[in-house]
Amino acid sequence: MAEILVLGAGMVGVTTALSLQERGHDVTIIERNVPGRETSYGNAGLIQTEAVEPYAMPLAPGALLQIAMGRGFDVKWTPSGLMSQMGAVWSYALNSLPAAHRRASQTWGKLIRQSTDRHAPLIAASGSDNIIRKNGFIELHRTPAKFDKGAKAVERFRNDFGVDARLLTGAELRAVEPSIKVEVQGATHWMDAWNCSDPGGLVAAYAALFQKRGGRIINGDAGDLHRKGAAWIADEAEGEHAVIALGPWSPAITERFGLRVPMVYKRGYHRHYHMELPPQHPIADFGNSVVLSPMRRGLRIATAAELTSHPRLTPPQLKHGEKAARELFDVGAPVEAEPWTGRRPCMPDMLPLVGRVPDQPNLWAHFGHGHQGFTLGPVTSEILADEISGGQGWDALQPSRLKRG
Ligand SMILES: Cc1cc2nc3c(=O)[nH]c(=O)nc-3n(C[C@H](O)[C@H](O)[C@H](O)COP(=O)(O)OP(=O)(O)OC[C@H]3O[C@@H](n4cnc5c(N)ncnc54)[C@H](O)[C@@H]3O)c2cc1C
């Protein structure tokens, strides 16, 4: 069995380490912060079995015009933020066309449907049941047109992927979520998804499980990864293999080893708010580009995508999300002085990189999970650990596809 370095202790890195350890390898994680404090901390906490299609760029002329003019709250951008990733954004747009998106969805759907099965043993072994709810989440439909569109999605996802969902009328929604104050047309209750009231806490618990099983976590900088003889060295650790699982920081490292990764960095924000009567489920209010998740710290309002190089002090998407939340619920004061921000690491073809870095001995890539890395970490970790242990891996996820153009 090999000695393996895993760079990064987000959801993806920690579950990679657990999957490799399970196969008998001797694994060391190198993390400059503490486990689960970056992107894997800041998300909406959904473990999504229903998200069978990756998130495509909205391409309808009306939607594009709205984005271009800076209206709406789904995608915001600044000229410098957009220019710095223009090539990747353009490629993302091309991959959002129906034929390419259908192709990506075939792989994506197979990954996402495994997510709760892959998390389940880790949740049990790490004693994390107290922060997991298995009651799905609710997607609001504020207008009749949105409700009809939602009904069609439910039917398609049920028929094609076996997703369990229930359409709720406005009255049924109020029975399920009595603290909603306003009339809405209806909702979809995505029944088989799970949600977590402390995403960073879940990653920390998985990391503690890895250590309990004999794994080592070094607090250090993996940015100096280099080769010495037949070994990979990072910080003070040495391994026969190295796995790059640095989320949005990964492309900077792979580039040094000949793999240019065009990444779309979709910034999101969240902030917690005090709430006397929090909702029973996370509430996705996509009409207002926001997800409201009941968390240990309060109601977490999480925003959609912003293409900016630097975070904003007063993000307009969060301001709008807070307004939408206050329309729906009695929401109290913010818990923190400042909002949290982080970047979703999105690949233009919407599939994560899981496999061998071309032309480098025993160097592996594991990142680019976009909108669903908290969900998918344990799924793609199993695929990568199999490949490192001599298995085939998944063709569609191989980093070599970037070299083919
Ligand atoms: C607002 C928002 C909402 C989201 N909601 C959801 C959701 O509900 N469900 C879902 O599945 N996904 C969601 N996501 C996406 C999900 O959070 C990410 O896909 C996922 O967390 C990525 O995990 P990761 O381990 O790849 O990256 P990270 O969690 O960012 O981990 C990378 C790690 O690498 C470390 N690192 C970086 N550089 C170095 C270095 N030089 N040396 C050592 N360590 C280093 C970092 O400290 C970090 O711990 C959301 C994202 C955002 C922003």
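Our subject is the structure that appears above.
Residues numbered from 1 in each chain as written. Predicted model: local features only at pLDDT ≥ 70, side-chain atom pairs only at ≥ 80, totals over all residues. Heavy atoms only, no water.

### Description of the sheet that holds strand β11 (residues 226–228)
Pairing is antiparallel in the open sheet, where 3 strands are placed in the order β11-β12-β13. Edge positions in the sheet fall to β11 and β13 (237–239), since each has one partner strand and no second. Averaged over neighbouring strand pairs, the angle between their axes works out to 35 degrees when direction is ignored. Where β11 meets strand β12 (residues 231–234), 3 bridges bridge the pair, whose relative direction is antiparallel. The residue of β12 that forms the bridge with R227 is W232. (Pairing = 2+ DSSP bridges. Helix = DSSP H or I, 4+ residues; strand = E, 2+ residues; numbered from the N terminus. Axes fitted to C-alpha atoms, helices over the stretch in contact; angles between N-to-C directions.)

### Digging into the pairing of strand β8 (residues 186–190)
For β8, the buried fraction is high: 5 of the 5 residues fall into the buried class. Residues of β8 alternate between two faces, with G186, T188 and W190 on one and A187 and H189 on the opposite face, all of them buried. When strand β6 (residues 137–141) meets β8, the two strands line up antiparallel, connected through 5 bridges. In the strand pairing of β8, F137 is matched with W190. Across 5 bridges, strand β7 (residues 165–169) lies against β8 in antiparallel orientation. Opposite L168, over in β8, you have A187 as the bridge partner. (Buried < 20%, exposed > 50% of the residue type's maximum accessible area, 1.4 Å probe, protein only.)

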